[in-house]
Structure formats: structure tokens, C-alpha cells
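Chain and residue survey
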Amino acid sequence: MPVFCQLCWSAIVDADGRIYIRNWQGGILSGGFEKNPKPIFTEGKNQLEIQNLREDWDHFEPLLSSLLRRMPVLETLEILKLVNCPETFTPDMKCIMGESPVVQGYFVLAGMNSAGLSLGGGAGKFLAEWMVYGYPTENVWELDLQRFGALQSSRTFLRHRVMEVMPLMYDLKVPRWDFQTGRQLRTSPLYDRLDAQGARWMEKHGFERPKYFVPPNKDLLALEQSKTFYKPDWFDIVESEVKCCKEAVCVIDMSSFTKFEITSTGDQALESLQYLFSNDLDVPVGHIVHTGMLNECGGYENDCSIARLNKRSFFMISPTDQQVHCWAWLNKYMPKDSSLLLEDVTWKYTALNLIGPRAVDVLSELSYAPMTPDHFPTLFCKEMSVGYANGIRVMSMTHTGEPGFMLYIPIEYALHVYNEVMSVGQKYGIRNAGYYALRSLRIEKFFAFWGQDLNTLTTPLECGGESRVKLEKGIDFIGRNALLQQKQNGVYKRLAMFILDDHDTDLDLWPWWGEPIYRNGKYAGKTTSSAYSYTLDRHVCLGYVHNFSEDNGEEQVVTADFINRGEYEIDIAGHRFQAKAKLYPVTSFFTHKRRKDDVELSDFHGK
């Protein structure tokens, strides 16, 4: 025992042994996260208070064995006490904080996942700021209570999910891994059909979404078991899907997107949306507007697309995980007027993204209507017949920058429309595609997504979204004053696209997100998202560049000239790779795919 009294450590973590060790009153305290946790909240038993349970030496034995392997001298010492008490865990291993979406002014801080002591200071600070000022000073969306909905409160779901979560505390989590429990909770009507065609799934807000489609000749087991920080096994699969999107036509099931309808008996819907959103929504019927829903600081609470269905009705499309948050925000700021109706219609529509140059041919043949840009311009919405089905909302946008259409289909028609699209599309080379292909396409086109590149502390002026703001539309919308001030004073960070120059896709670790950005050898920010561009044959990252003063580290104004004059590197696991920074997408300069050694990116300049 005196040996341990002389040591001075805060804590030792043995991730392989799944244990931690720390000083405790002249001895040591050790615990861990076992592979087979026992949930306390079972049917008929609801123990809410932290209390000691009965000792369970059999259950603790694997952790004790790990402790003795790590510190063999402990075998000669006495164990004073085995403490067995419950701890709280959340469905995604992150704590819960923020304002309730249903009771305004009711704030929550809970679910610390056995990290309450280490998180307490920061969590308390952010929650206090939230309560006093209405928002925290850092982006804490990953911890926001509103990232969850009622679907995650099922007792059975929680029981199964926390049994998976706890063992993961000390596991190595590779990029784009997915929870295995609580799955197939929310699915598109096309789920079984897509699954039979090789879809591999990921989950977002409880909704199953296709990642990619495995061809029949692929070894499915090996593909699922191959988890890596390097080039993944799905690389060639996604490449073929991206190629099809660019050369023929693909279908992506995007039913998980959040969808709202806002209607009124008079002009109340338009007036409310004009106040809530930064862009001008007083557009002709049938037009689609990309816009942000901003807070008082000008930051994005939501980034969405809104179609004007008629003079008094609007159709709003938002990110999947915005369903609860967006609903709460709209309810908070929309007037309490019986003539104004907000309806969540996410479950009513299946969404198919028809991407590629031959999408126009497929849809023309199915609708018996011309779909060329002259007859169906970009960012236009129209209800049409597709096959036998009426009332399909067809929109000329794809969220990727590629040509094509979004089809919002009443769920009872979903299977019929999908079958017709795939049948007619055979002659045009149609195939299914997934969200990994979508990610590659949108990043190489410099499309920023909410929750990844945009958050509550990001303004449109910082991410190139000036076109989605109409400061002079005649309405003092939320965030307008902050944007006017920022426009006058300048921005202190700016979203840029980085194309890696000397990165070997086959041998080097990949960038996934969160990598440090260096400008002229100095830290300047971090990446927010990344993907391999099959058009450029290079990795592309998006990230914010800051201008930190060399004297005191304070942030200074970032201009386009500041971005363009810098020499950049992206740090991937300690190795820096040269990168070219762009404020505009460069893919428009490429008419066909070229090999790396044939392309000199320094010859290209932003528009």
C-alpha cells in the first residue's frame, strides 16, 4: 500500500483492459466498462435514484482480471469494497443539455455517460449561458436535447441501445461506424426493395438511409467487417455510383429529410416566414428558395429549401436531424393564430432524388410532359403525374449541384413510382445510389450542409451564403441586425474548399473531418467535412479559416485576399499534406476525369 501512496497520478486508463485506475484515500480506486452491462431499467423496475446495488463479483471478474494483469502487485493487497451502483448513459454516448422542445424555459443537463466530473465545468458553463443569454458561446448541437425525439424514449429501445453504448466507451470508433441496436425503427416504404438490391444502411435520427449498394459479386461479410481509417472497401462501389450520377441517372431514397407544410387563410404564412427566414419568400407560386433560419446572432438554426405551393401554402424541406429542433423553433416564433397551421408531413412523403443528365429523359417519359430547362427551370416545383400516380411534387434540384429532380411522393404511391422510374430508366442506365455518393458530389461542388459545415455560430456571410440573404426585403427578419453589423465590420472566419495535393489515396490515412488546417505554417482552423472527389481524383475538404493575431492570438478579419494568399496544409494524424484553398468549386473546370499526375491545380483559379 505505501507504494501507491507515494505515486502521484490523476488517472490511468487501460482501454484494452477496459479499466481506469486513480488515487483514492491512500489507496487506489479502479472500475471499468464491461462488455456485458446489465440495464437496471427493466420492465416492472424503475429505480431512478443512484443507490448501491448488491455486490456482483462474477460480473466484475473480467475487469478485476484486467486490473491484476496491469498491476500484478495488487494480488497481495486487500480489496476493501466493491461498489455496485447505476450510472446513466444516452443513446449516442453524449450528454444531454438544453431547452425542452415542448416546455419553454425548462432546461435539462443529464446523461453524463460516467463522465460527469470531467464534463461538469464546461457543461454547467454552457447551460448557464443558454439560460441567461438564450444560447451557449460554443456550438453544442451534438449535445442538444433536441437532437432526440419521442422515438428515442422507448423503454425497449433505451434498454437495448445503452447495452451497446457502454462497451463502446473504451472501444476504438472508426469513421462512419453505426450503432447496431435500435435499428429499422423508421424506414422508407422502399426499405425492403432497396435492401434486396444490396443496400447497406446507416441511421440518422432513427431513420434508415442507404449508404451505398453492394453489387452481387462483392463479399458482403468482408465489406461489413472492414472498418478502417484508410481507404475503405466501398471506394470502388461509390465511384461507380458517382460516375452513374454524372453520366447517366441514379436514384437516391432521401425520405428521411424533415418536411413541414405551413398554410394560412390569409397572408399569415408568408408574413411569418418572411420574419423567420433570411431570404425573400415572396416569390411566384412554384418557385423554390434556399434560405437560412437564423438566430439573433445571425447563425444558422436551420438551412432549408422552401417551395411556394400557392399564395397561402409553403412546403419546407430541412435536414433529417432537424425535425424536433426546427419544429420547436417555428412554434416558438410563429404567432399563436388559429388561421396559421404548421404541420409536420415528414411521414406523408417518400422522397426520391433523381440525379444525372438522363433524369430529364426518364421523367419526361413517365409524365408525358417536357422537362427541359425551358419548360421546367431550375428551382421550380410543380405537382405532376408520374406513371399512374397523381399529386407528385416534382422539384428541379438535387442537393448535389448535378442536374436532376427531387420527387416528393405520397407514401401510398411510393412503390409504384419507384418501380416505374427503375423500369423506364433501364434504357438510360439507371441504378440505385446512396448517401456516400451524395456526399462526394455535394462536397466537390462546395455545398455546405447544416450540422456539419453550418451551425448556430455560423452566419451566411461566413460560408458564402450571401445569395440566401435579402437584407432589403422590407422585413426586419431574425438575425438581420447582426448580419448588417457583420457586413460592415467583416467576418472573422470563412468557409473554404481544400484540395489535397500530395495525398496518396491508397497508402495514406484519409481525412474524415476535424483535421487541423495550417496557413503558412500556423494553425488556422479545422475541417468540417471531407470526401474523395472522383472527378478531381483527389480528396476535398471543407473547413473554416481564421486569422489569429501573432501578437495576442485574437481573431482578426478574414478577407478573400487573405484566403487566396496563404499556403495551406491539412494535418491528418500528425502528417501534414499540402492543399490548395478555393472559395469557389473547381469541378466546373473539368470536362472529364483526369489522372492525378495530369492535373496541376495551381493553374486553376476561383471564379
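Residues numbered from 1 in each chain as written. Predicted model: local features only at pLDDT ≥ 70, side-chain atom pairs only at ≥ 80, totals over all residues. Heavy atoms only, no water.

Comments concerning the overall build of the protein chain
The number of helices and strands found in the protein chain is 14 helices and 25 strands. Taking 25 Å as the expected radius of gyration for a compact globule of 607 residues, we find that the protein chain reaches 26 Å, a close match to that expectation. Oriented by its inertia axes, the alpha-carbon framework of the protein chain measures out at about 85 × 60 × 60 Å. Counting over 607 residues, the protein chain shows a buried share of 52%. Within the protein chain, residue pairs in contact and separated by at least 24 positions form 65% of the contacts whose partners lie at least 6 positions apart. Total accessible area computed for the protein chain in this model is approximately 29,300 Å², and 52% of it derives from carbon and sulfur atoms. (Helix = DSSP H or I, 4+ residues; strand = E, 2+ residues; numbered from the N terminus. Rg over C-alpha atoms; globule rule 2.2 N^0.38 Å. Buried < 20%, exposed > 50% of the residue type's maximum accessible area, 1.4 Å probe, protein only. Contact = heavy atoms within 4.5 Å. Areas by Shrake-Rupley, 256 points an atom, 1.4 Å probe, with all protein chains shown as cover.)

Overview of the sheet that holds strand β2 (residues 19-24)
Taken together, the 3 strands give an open sheet; going across it, the order is β1-β2-β3, and neighbouring strands pair in antiparallel fashion. Looking at strand neighbours, the two that pair on one side only are β1 (12-14) and β3 (27-32), the edges of this open sheet. Neighbouring strand axes in the sheet, compared pairwise and without regard to direction, differ in orientation by 20 degrees on average. Against the sheet, helix α2 (residues 57-70) makes contact with β1, β2 and β3, and its axis sits at roughly 70 degrees relative to β2, the strand it touches most. (Pairing = 2+ DSSP bridges. Axes fitted to C-alpha atoms, helices over the stretch in contact; angles between N-to-C directions.)

Describing the nonpolar core
Proteins that are soluble and globular tend to have nonpolar side chains buried together. Judged by nonpolar contacts, the single largest core of 38 residues is most densely connected at Val238, Phe315, Met395 and Tyr408. Listed by contribution, the elements that provide at least two residues to this core are α7 (235-247), β8 (250-253), β12 (313-318), β14 (349-355), β17 (404-410) and α12 (435-444). Ranked by the residues each element gives to this core, the list is headed by α7, at 6 residues. Among all residues touching Phe315, those that are not within four sequence positions of it are Lys259, Phe260, Glu261, Ser305, Ile306, Ala307, Leu309, Val345, Tyr349, Arg393, Met395 and Tyr408. In terms of nonpolar packing, the next biggest core, distinct from the first, is built from 33 residues, Val249, Val251, Leu354 and Val394 among them. (Core = buried A, V, L, I, M, F, W, Y, C linked by side-chain atoms within 4.5 Å.)

Description of the packing of aromatic side chains
All chains considered together, the criterion is met by 25 aromatic pairs. Ring centres 5.3 Å apart and planes at 75 degrees place the aromatic pair Phe315 and Tyr408 in the edge-to-face group. Taken together, the residues span a long stretch of sequence, with Phe315 in strand β12 and Tyr408 in strand β17 at a distance of 93 residues. On the accessibility criterion, Phe315 (0% relative accessible area) is buried. Classification of Tyr408 as buried rests on a relative accessible area of 0%. Geometrically, the ring pair formed by Phe376 and Phe380 is edge-to-face, given 5.5 Å between the ring centres and 90 degrees between the ring planes. Each member of the aromatic cluster is reached from another via a ring pair, and the members are Tyr212, Trp234, Phe235, Tyr436, Trp510, Trp512, Tyr532 and Tyr534. Here the guanidinium or amino end of Arg176 rests over the ring plane of Tyr436, the centre of that ring lying 4.8 Å away. (Phe/Tyr/Trp six-rings, centres within 6.5 Å; stacked < 30°, edge-to-face > 60°. Lys NZ or Arg CZ within 6 Å of the ring centre and 35° of its normal.)

Observations concerning the sheet that holds strand β10 (residues 288-294)
What the 5 strands build is an open sheet, ordered β10-β11-β12-β9-β13; its pairing is antiparallel. Two strands in the sheet have a free side with no partner beyond their single neighbour: β10 and β13 (340-344). Averaged over all neighbouring strand pairs, the angle between strand axes comes to 25 degrees, with direction disregarded. Across 7 bridges, the pairing between β10 and strand β11 (residues 300-310) is antiparallel.

Quick word on the pairing of strand β19 (residues 493-500)
Consecutive side chains along a regular strand alternate between the two faces of the sheet. With respect to burial, β19 is a largely interior element, 8 of its 8 residues being buried. The side-chain alternation of β19 yields two buried faces, one formed by Lys493, Leu495, Met497 and Ile499 and the other by Arg494, Ala496, Phe498 and Leu500. Across 4 bridges, β19 lies against strand β25 (residues 575-582) in antiparallel orientation. Directly across from Phe498, in β25, lies its bridge partner Ala581.

Considering unusual backbone geometry
Even without being a glycine, Ser114 presents a positive backbone phi close to 65 degrees. Structurally, Ser114 can be placed in the loop between β5 (107-110) and α3 (116-133). Note on Ser114: relative accessible area 33%, which makes it partly exposed. Located in the positive-phi region is Arg176, a residue other than glycine, with phi close to 60 degrees. Tracing the backbone through its elements, the reader meets Arg176 in the loop between α4 (155-168) and α5 (191-196).

Notes on helix α9 (residues 323-333)
Burial in α9 covers these residues: Gln323, Val324, His325, Cys326, Ala328, Trp329 and Leu330. Looking at the buried side of α9, the elements it contacts are β9 (258-264), α8 (268-276), β10, β11, β12 and β13.

Observations concerning the pattern of salt bridges
If the charged atoms of two oppositely charged side chains come close together, the side chains can form a pair. On inspection of all chains with the given rule, the structure shows 27 salt bridges. Between Arg18 and Asp171 there is a salt bridge; the shortest N-O distance is 2.9 Å. Of this pair, Arg18 sits in the loop between β1 and β2 while Asp171 sits in the loop between α4 and α5, placing them 153 residues apart in sequence. Its relative accessible area of 9% is what places Arg18 among the buried residues. Relative accessible area serves as the criterion here: at 31%, Asp171 is assigned to the partly exposed category. With a shortest N-O distance of 3.3 Å, Asp178 and Lys211 are connected by a salt bridge. Placement of Asp178 in the loop between α4 and α5 and of Lys211 in strand β7 (residues 207-213) is noted, with a sequence separation of 33 residues between them. Side by side, Asp178 and Lys211 carry an identical accessibility label, which is buried. (Salt bridge = Lys/Arg side-chain N within 4 Å of Asp/Glu carboxyl O.)

Topic: helix α11 (residues 414-425)
Across its 12 residues, α11 extends 16 Å between first and last C-alpha, which sits within 8% of the 16 Å expected from 1.5 Å per residue. Within the span of α11, buried status applies to Ala414, Val417, Tyr418, Val421, Met422, Val424 and Gly425. (Expected span 1.5 Å × (residues − 1).)

Topic: the environment of Tyr170
Structurally, Tyr170 is set in the loop between α4 and α5. The class of Tyr170 is buried, set by a relative accessible area of 18%. Apart from the residues within four sequence positions on either side, Tyr170 is in contact with Val13, Asp14, Ala15, Arg18, Ile19, Tyr20 and Phe33.

Some remarks on the confidence of the model for the protein chain
Interpreting fine coordinate detail is not advised for predicted regions of low pLDDT. Mean pLDDT for the protein chain: 90, with 92% of residues reaching 70 or above. Below pLDDT 50 for its whole length, residues 588-607 participates in 36 contacts with residues either more than four positions away or in separate chains. (pLDDT = per-residue confidence, 0-100.)

Describing the state of the cysteines
In total, this model carries 0 disulfides according to the counting rule given. Here Cys85 stays free of any disulfide, with the sulfur of Cys95 as its closest cysteine sulfur at 19 Å. This cysteine, Cys463, is not joined by any disulfide, and Cys304 carries the nearest cysteine sulfur, 13 Å off. (Disulfide = S-S within 2.5 Å.)

Comments concerning the pairing of strand β21 (residues 522-533)
Counted residue by residue, β21 has 9 buried out of 12 residues, so it is predominantly covered. Relative to β21, strand β20 (residues 516-519) runs antiparallel, the two sharing 4 bridges. Its bridge partner being in β21, Pro516 is matched across the sheet by Lys526. Following β20, the chain reverses through 2 residues before pairing antiparallel with β21; Asn520 in that reversal takes a positive phi of roughly 50 degrees. Note that β21 and strand β22 (residues 538-548) share 6 bridges and pair antiparallel. If you follow Ser530 over to β22, its bridge partner there is Cys541. Counting the residues between successive antiparallel strands, the hairpin from β21 to β22 contains 4 residues, one of them, Asp537, with a positive phi of roughly 60 degrees.

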